[in-house]
Protein chains: 2
Amino acid sequence: MNTSSGKLRNTAQRTIILNALRGLKTHPTADELYEVVKKEMPKISLGTVYRNLVMLAEIGMIRKLETAGKQMRFDGDISAHVHIRCSRCGRVDDIWADPISIPEHMKTIDFRGYQVTGYALEYEGICPDCAKKGMN
Amino acid sequence: MNTSSGKLRNTAQRTIILNALRGLKTHPTADELYEVVKKEMPKISLGTVYRNLVMLAEIGMIRKLETAGKQMRFDGDISAHVHIRCSRCGRVDDIWADPISIPEHMKTIDFRGYQVTGYALEYEGICPDCAKKGMN
DNA sequence: ATGCTTAATAATAATCATTCACATCAAGGG
DNA sequence: CCCTTGATGTGAATGATTATTATTAAGCAT
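What you see is a predicted model, and the numbers here were worked out from it, not measured in a lab.

**With respect to the packing of aromatic side chains**
Inspection of the entire model under this criterion finds four aromatic pairs over all chains. Judged by centre distance (5.1 Å) and plane angle (75°), the ring pair of Y123(A) and F111(B) falls under edge-to-face. With Y123(A) in strand β5 (residues 115-126) and F111(B) in the loop between α4 (102-106) and β5 (115-126), the pair connects residues from two separate chains. F111(B) matches Y123(A) in its accessibility class, with the two residues each being buried. Among the aromatic residues, those joined into a ring-pair cluster are F111(A), Y119(A) and Y123(B).

See below:
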């Protein structure tokens, strides 16, 4: 696979980061992925992980999730799918569902002068792990 | 209006913050609201604004937006409505549209063990102001 | 009205995620 | 093989939010 595009160079760090993200079925934060990648390349820096994740998202090879929560999360799967986020721990999982017909619905809406570029549908709930731990 | 609930006390600061938020049609961040509130009460502290906004959201008198972007945003209007967020400046506006039939659709979805508490539908775009400024 | 209990406040320090600055390194074309 | 320039690692800087703490003031009971 070719990880470069335009004037981007093809570094070992970028390849490892991309493969690590694709190997995870989760939607890690930058520092979660940093911990994974460090096992393979112990001297890599967190700044490099951030820089490459943002860059890879910009060229469309991965997705930067537009999700609530204070930490950025990334997804190696760029196919169209919806997420559910745990409001306790912030974990994000994939939801496999027929996409709802939002694009059709959008034709009827007054967007008040905005150029609409997309939409994000995100479910919210308590993940199985947090439900087990916390008692409410 | 009574802004207290349970053991909460009814302070001048809380009242001013709540009224200021309700008076705005925007969805301000804590520090945007802080700037507004300071005009009326110059010695108020940013920490007090944060503390009260979070508290008022917890008791359901205002809404804390579960929106992307690094800053928290709050909404004095707790009725059900959808938002659009500018991906350039982070500004959030209301969209008046018939709610899509997501609740019905949800019955058909496998939520993988999550207790679902809700969903967030958010449109994304470029606001009129940013479209005017930037040239792309 | 006065005092008392305790939540709320103002000010400031601490934390956490992310970005920046910069000296060095190395990919890949010539 | 060298040179240009993007990429890296280190560490410092930033910005938003949260925590700490001494002081103030609601509001109930006197």
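**Looking at the confidence of the model for chain A**
The pLDDT averaged across chain A works out to 89; a share of 92% of its residues lies at or above 70. Predicted confidence for residues 1-5 of chain A stays below pLDDT 50, and this span has 13 contacts to residues more than four positions away or in other chains.

**Structural notes on the packing of helix α1 (residues 12-23) of chain B against helix α3 (residues 46-58) of chain B**
Residues and elements named next belong to chain B. Following both chains from N to C, one finds α1 and α3 inclined at 70°, their axes separated by 10 Å at the closest point. Between α1 and α3, the interaxial angle falls into the category roughly perpendicular. Counting all contacts with α1, which are made through Q13, R14, I17, L18 and L21, the residues of α3 involved are T48, V49, N52, L53, M55 and L56. In the contact of α1 with α3, the residues fall into seven nonpolar, three polar and one charged.

**Quick word on helix α1 (residues 12-23) of chain A**
Along an α-helix, a turn takes 3.6 residues, which lines up residues three or four apart on a common side. The first and last C-alpha atoms of α1(A) sit 16 Å apart over twelve residues, in line with the 16 Å expected at 1.5 Å per residue. Buried residues in α1(A) make contact with α2 (30-40), α3 (46-58) and β2 (74-75) of chain A.

**Regarding unusual backbone geometry**
You will see that R112(A), though not glycine, has its phi angle at about 50°, which is positive. With respect to the helices and strands, R112(A) occurs in the loop between α4 (102-106) and β5.

**Here we look at the protein's contact with DNA strand D**
Surrounding DNA strand D, one finds 19 residues, the nearest of these being T11(A), T48(A), R51(A), Y50(B) and M72(B). What you see for DNA strand D is that sugar and phosphate hold 71% of its atoms within 4 Å of the protein. R14(A) is positioned such that a nitrogen or oxygen atom in its side chain is 3.5 Å from a phosphate oxygen of DNA strand D. Elements supplying a minimum of two residues to the surface near DNA strand D: α1 and α3 of chain A together with α3 of chain B. Top contributing element to the surface near DNA strand D by residue count: α3(A), with three residues. Its residues assigned to classes, the surface near DNA strand D shows five nonpolar, seven polar and seven charged.

The rules behind these values
- Residues numbered from 1 in each chain as written.
- Chains lettered and ligands numbered in written order.
- Predicted model: local features only at pLDDT ≥ 70, side-chain atom pairs only at ≥ 80, totals over all residues.
- Heavy atoms only, no water.
- Phe/Tyr/Trp six-rings, centres within 6.5 Å; stacked < 30°, edge-to-face > 60°.
- Helix = DSSP H or I, 4+ residues; strand = E, 2+ residues; numbered from the N terminus.
- Buried < 20%, exposed > 50% of the residue type's maximum accessible area, 1.4 Å probe, protein only.
- pLDDT = per-residue confidence, 0-100.
- Contact = heavy atoms within 4.5 Å.
- Axes fitted to C-alpha atoms, helices over the stretch in contact; angles between N-to-C directions.
- Parallel < 35°, antiparallel > 145°, perpendicular 65-115°, else oblique.
- Nonpolar A, V, L, I, M, F, W, Y, C, P; charged D, E, K, R; others polar.
- Expected span 1.5 Å × (residues − 1).
- Near = heavy atom within 4 Å.
- Polar contact = N/O pair within 3.5 Å; in protein donor to acceptor, adjacent residues only side chain to side chain.

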